[in-house]
Amino acid sequence: MKRLEDLDLNIKYSTAKNANFYLRGGSAFVEMKIKGLLDCKGPWRSLNEMKRIFNFRKTPAAEYTFEHWQEDAFFTSQFLNGLSPVLIRRYHCLPINFPVTDAMVASVLGPGTSLQAELEKGSLFLVDHGILSDIHTNVINGRPQFSAAPMTLLYQHPGGGPLLPLAIQLSQTPGPNSPIFLPSDDKWDWLLAKTWVHNAEFSFHEALTHLLHSHLLPEVFTLATLRQLPHCHPLFKLLIPHTRYTLHINTLARELLIVPGQVVDRSTGLSIGGFSELIQRSMKQLDYSALCLPEDIRTRGVEDIPGYYYRDEGMQIWGAVERFVSEIIGIYHPSDESVQDDRELQAWVGEIFSKGFLNQESSGIPSSLETREALVWYVTMVIFTCSARHSAVSAGQFDSCAWMPNLPPSMQLPPPTSKSQATPESFIDTLPPINATCDIIITLWLLSKEPGEQALHGYLFKTRDMDQAPSRAALGPRRPLGTYPDEHFIEEAPQRSVATFQNRLAQISGDIQERNRGLALPYTYLDPPVIANSVSI
């Protein structure tokens, strides 16, 4: 599907929803254009100048980011609850290419301990962006952009407290031109090192966590569902709400974002070429367990790290989805044999394996399913990927990136090869130019919320305060996780299961909202009413 016109009307945005999408983006574009920011190819002059664009739109989370972005505790918290909360991993032995010493980290670890002791306790974690090594980079406004493949060592004190950064190396190859940066270094050296990590985080997130895992894979599931499952099949009835608008939004992305000359190509550090290269690298490494949250958490060894709300709420939602799927599967597939003999089901699984995962047996992705237990796990993965996982990595994009230095989309100077060289001026010069910054912020503002089905007349033509974002009510009804409005299931048993599922999600939501009242920065992206049933934006 290359053009929106080619899509069936039943899987496209409604006329009102489509109009709201373009009006929302158009209003942001016009505002930036009037201010002259989109035509300004030069660098920012100071952090204070950047505050002009920060007033473009505001959210409480974006303002919190602006106030705390330089703090070490906030830097590390984003590996747990930020845009890409899937990389942090517990280590019991440091990689040989990251030669951190006791002397380097003594000021953070404190007396009476050592790196080896903390490794044995399980107190050390690593965020490794090695997949970015030697990646293709972009040219923006005639200037080459740069990328890094950093390694970031983190420490969780066994007695509690915030996760803390211990050391950052900006390449995968240690040596005199790849120093290990420390919290005790000069302020601007350390801030620049952290900013390079967050630039890598931006690239990894947008190409892999977001585009590949949360858009392209759901597209594979959607196409297989539409092609292989008849409308009367119980699996079709279960899955079709989780495919709504996915083909529309992905086709739109191919027209407006990931084509030559559009946003990714003109304003990110990697361009379409770098994104494509990253996706190809990731597909070779992709493992089924990484798509299944309980296994992913165990594999990365992060079951007990405190303050990991993505994990905590994700596991609750995974459990609720799994119980619901188990009930539905139990109604229509009473035995393992009924799973094995279901030709439509097996064709669905087979197409996902062959078309989506290119017959890679090393991925662990099943090419067929033999038991009800395996089917429940697989369908849970599909629904979770198309709903909760997408919400977790998509809904907060504007919140995290509105203050650009927190997650810069590109870097205009190469990574530092020595210490004591960074200054406020060189820090600013490294950040992306004005027009690229604004281009990305407009895009993330547009993509952070699904457009509503109702007209936005009040927002666009009657509201004087254009900094005030419309409420969800103003944006019209969406379909949150657990909504089955089309009544595909007409029997009493599945309808009871749907009601039970909805009640469980309501309980989870109540717990999340109660917890959030005690947080300086509430984590809202996995609150069930916020989670769309499908990848629809």
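Structure: above.
This text gives an overview of the structure that appears in the document.

Rules used in this analysis
- Residues numbered from 1 in each chain as written.
- Predicted model: local features only at pLDDT ≥ 70, side-chain atom pairs only at ≥ 80, totals over all residues.
- Heavy atoms only, no water.
- Helix = DSSP H or I, 4+ residues; strand = E, 2+ residues; numbered from the N terminus.
- Buried < 20%, exposed > 50% of the residue type's maximum accessible area, 1.4 Å probe, protein only.
- Contact = heavy atoms within 4.5 Å.
- Core = buried A, V, L, I, M, F, W, Y, C linked by side-chain atoms within 4.5 Å.
- Expected span 1.5 Å × (residues − 1).
- Arc of directions from axis to C-beta.
- Pairing = 2+ DSSP bridges.
- Patch = residues over 30% accessible without salt bridge, like charges linked within 9 Å, V, L, I, M, F, W, Y side chains within 5 Å.
- Areas by Shrake-Rupley, 256 points an atom, 1.4 Å probe, with all protein chains shown as cover.
- Salt bridge = Lys/Arg side-chain N within 4 Å of Asp/Glu carboxyl O.

**Some thoughts on the environment of Ile272**
Part 1 of the argument: Along the chain, Ile272 falls in helix α11 (residues 271-285).
Part 2 of the argument: Residue Ile272 is classed as partly exposed on the basis of its relative accessible area, which comes to 22%.
Part 3 of the argument: For the pair Ile272 and Ala253, spaced 19 residues apart in the sequence, the C-alpha separation amounts to 12 Å.
Part 4 of the argument: Look past the residues within four positions of Ile272 in its chain and what remains in contact with it is Ile258, Val259, Pro260, Val264 and Asp265.

**Re unusual backbone geometry**
Excluding glycine, residues mostly carry a negative phi; peptide bonds, for their part, are mostly trans.
Part 1 of the argument: One non-glycine residue, Asp134, lies in positive phi territory at about 55°.
Part 2 of the argument: For Asp134, the position within the fold is in the loop between β2 (124-128) and β3 (139-140).
Part 3 of the argument: Non-glycine residue Ser271 carries a positive phi angle of around 65°.
Part 4 of the argument: For Ser271, the location among the structural elements is in helix α11.

**Details of the nonpolar core**
Part 1 of the argument: By size, the foremost hydrophobic cluster in this structure holds 126 residues, and its most contacted members are Ile88, Leu238 and Trp348.
Part 2 of the argument: Sort the elements by how many residues they give to this core and helix α7 (residues 187-228) lands first, with 17 residues.
Part 3 of the argument: Setting aside its immediate chain neighbours within four residues, Trp348 contacts Phe221, Ala224, Thr225, Gln228, Leu229, Leu235, Leu239, Tyr378, Val379 and Val382.
Part 4 of the argument: Core analysis: the second largest hydrophobic core is formed by 22 residues, Leu4, Leu252, Leu257 and Leu446 among them.

**What to know about helix α1 (residues 15-34)**
Part 1 of the argument: Taking 1.5 Å per residue as the helical rise, α1 with its 20 residues ought to reach 28 Å, and the 28 Å between its terminal C-alpha atoms agrees with that figure.
Part 2 of the argument: Three or more residues of α1 are buried, namely Lys17, Asn20, Phe21, Arg24, Gly25, Ser27, Ala28, Glu31 and Met32. Summarising the axial view, the buried residues of α1 lie within an arc of 145°, below the 170-degree limit, and thus occupy one face. Turned more than 90 degrees off the buried face of α1, the exposed positions are Thr15 and Ile34.
Part 3 of the argument: Among the residues trailing α1, Gly36 stands out with phi positive, at a value near 80°.

**A few points about helix α4 (residues 72-81)**
Part 1 of the argument: With seven of its ten residues buried, α4 lies for the most part within the structure.
Part 2 of the argument: Residues of α4 that are buried include every one of Phe74, Phe75, Thr76, Gln78, Phe79, Leu80 and Asn81, and no others.
Part 3 of the argument: Residues of α4 that are buried sit in contact with α3 (60-68), β2, β5 (151-155), β6 (164-169), α7 and α14 (309-332).

**Some remarks on the pairing of β2**
Part 1 of the argument: When you tally the buried positions in β2, you get four out of five residues, the bulk of the element.
Part 2 of the argument: Of the pairings in the sheet, the one linking β2 to β5 comprises five bridges and is antiparallel in character. Bridge pairing in β5 places Val127 opposite Thr152.

**Quick look at a nonpolar patch on the surface**
Part 1 of the argument: A cluster of nonpolar side chains, namely Phe29, Val30 and Ile34, defines an oily patch on the protein surface of about 320 Å² accessible area.
Part 2 of the argument: Mapped onto the elements of the fold, Phe29 is located in helix α1.
Part 3 of the argument: Residue class for Phe29 comes out partly exposed when judged on its relative accessible area of 42%.

**Remarks on the pattern of salt bridges**
Part 1 of the argument: Scanning all chains against the criterion turns up 18 salt bridges.
Part 2 of the argument: Between Asp6 and Arg3 there is a salt bridge, with its nearest N and O atoms 3.0 Å apart.
Part 3 of the argument: On the basis of relative accessible area, Arg3 is assigned to the partly exposed category, the value being 44%.

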